[in-house]
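What follows is the residue order along each chain.
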Amino acid sequence: IEKNISDRHLLQKGKSFIQSNNWNKACDLFARAINERKIKDPRFQLYNTWAIYNRDSRSNPNIRNETDVSFRKAIEELPDLPDAFLLYGKFLRRQEQYAKAKQNFERVLELDQHNVDALRELRLITQRIKTTGEVTVTQTTKSPKEKETKTEKKGLFGSIFGKKNN
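Residues numbered from 1 in each chain as written. Predicted model: local features only at pLDDT ≥ 70, side-chain atom pairs only at ≥ 80, totals over all residues. Heavy atoms only, no water.

(A) Geometry of the side chain of Asp-7. Looking at the secondary structure, you find Asp-7 in helix 1 (residues 2-19). Sequence-distant contacts of Asp-7, defined by excluding residues within four places in its chain, comprise Arg-37, Ile-39 and Phe-44. (Helix = DSSP H or I, 4+ residues; strand = E, 2+ residues; numbered from the N terminus. Contact = heavy atoms within 4.5 Å.)

(B) Molecular detail of helix 6 (residues 98-111). Taking 1.5 Å of rise per residue, the 14 residues of helix 6 would be expected to cover 20 Å, and the 20 Å separating its terminal C-alpha atoms lies within 8% of that figure. Here helix 6 has its buried residues at Tyr-98, Ala-99, Ala-101, Lys-102, Asn-104, Phe-105, Val-108 and Leu-109. Contacts from the buried residues of helix 6 go to helix 4 (63-77), helix 5 (82-94) and helix 7 (116-132). (Expected span 1.5 Å × (residues − 1). Buried < 20%, exposed > 50% of the residue type's maximum accessible area, 1.4 Å probe, protein only.)

(C) How the structure looks around the nonpolar core. Ranked by internal contacts, the top residues of the largest apolar core, which has 40 residues, are Ile-18, Phe-30, Phe-44, Leu-46 and Trp-50. Mapped by element, the contributors of at least two residues to this core are helix 1, helix 2 (23-36), helix 3 (42-56), helix 4, helix 5, helix 6 and helix 7. Here Leu-46 is in contact with Phe-71, Ala-74, Leu-78, Leu-81, Asp-83, Ala-84 and Leu-87, once residues within four sequence places are set aside. (Core = buried A, V, L, I, M, F, W, Y, C linked by side-chain atoms within 4.5 Å.)

(D) View of the packing of helix 5 against helix 6. Where helix 5 contacts helix 6, the two axes come as close as 8 Å, and the packing angle between them is 160°. Of the possible angle classes, the one that applies to helix 5 and helix 6 is roughly antiparallel. Pair helix 5 / helix 6 crosses with left-handed handedness. Facing Pro-82, Phe-85, Leu-86, Tyr-88, Gly-89, Lys-90, Leu-92 and Arg-93 of helix 5, the residues of helix 6 in contact are Tyr-98, Lys-100, Ala-101, Asn-104, Phe-105, Arg-107, Val-108 and Leu-111. Here the contact of helix 5 with helix 6 is composed, by residue class, of 10 nonpolar, two polar and four charged. (Axes fitted to C-alpha atoms, helices over the stretch in contact; angles between N-to-C directions. Parallel < 35°, antiparallel > 145°, perpendicular 65-115°, else oblique. Left-handed = near helix turned anticlockwise from the far one by under 90°. Nonpolar A, V, L, I, M, F, W, Y, C, P; charged D, E, K, R; others polar.)

(E) Structural view of unusual backbone geometry. Positive phi, normally seen in glycine, also occurs at Asn-21, with a value near 60°. Tracing the sequence through the fold places Asn-21 in the loop between helix 1 and helix 2. Positive phi, normally seen in glycine, also occurs at Lys-38, with a value near 60°. Considering the arrangement of structural elements, one finds Lys-38 in the loop between helix 2 and helix 3.

So this is what it looks like as structure tokens:
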């Protein structure tokens, strides 16, 4: 029981380093936990992947492929952990893979409907898609026939300003 408490404490400490963007300390803590303490909990690898990516993304061009593989593995091992999808979505957003990122943020909300980070990220993705014109899997486009159909204005102002049929 003491080891579990200690492991949870380490995990929380590492997550706090990540939240404060202290990537070096987060990487050191997770590396020691995984390599020296032999902690097998896949959450340590997940957060370590995110910390390493953020620390090394500018200096290591191959980090993107390694990170993608690590996140996919983490999602396989932790299919019910919202943070796995959240961090992978953030990674995909940074790679400008907005449709895939959006799917991951939507999955976070399926698991945790009140996840503020996922809601914020979805808002950012939606804005980005609108400005870049990227069409996602969930967006639908109107057929030419539907575009031609105009809705009739109703109500007091609709009857005053609406188009009259002759």
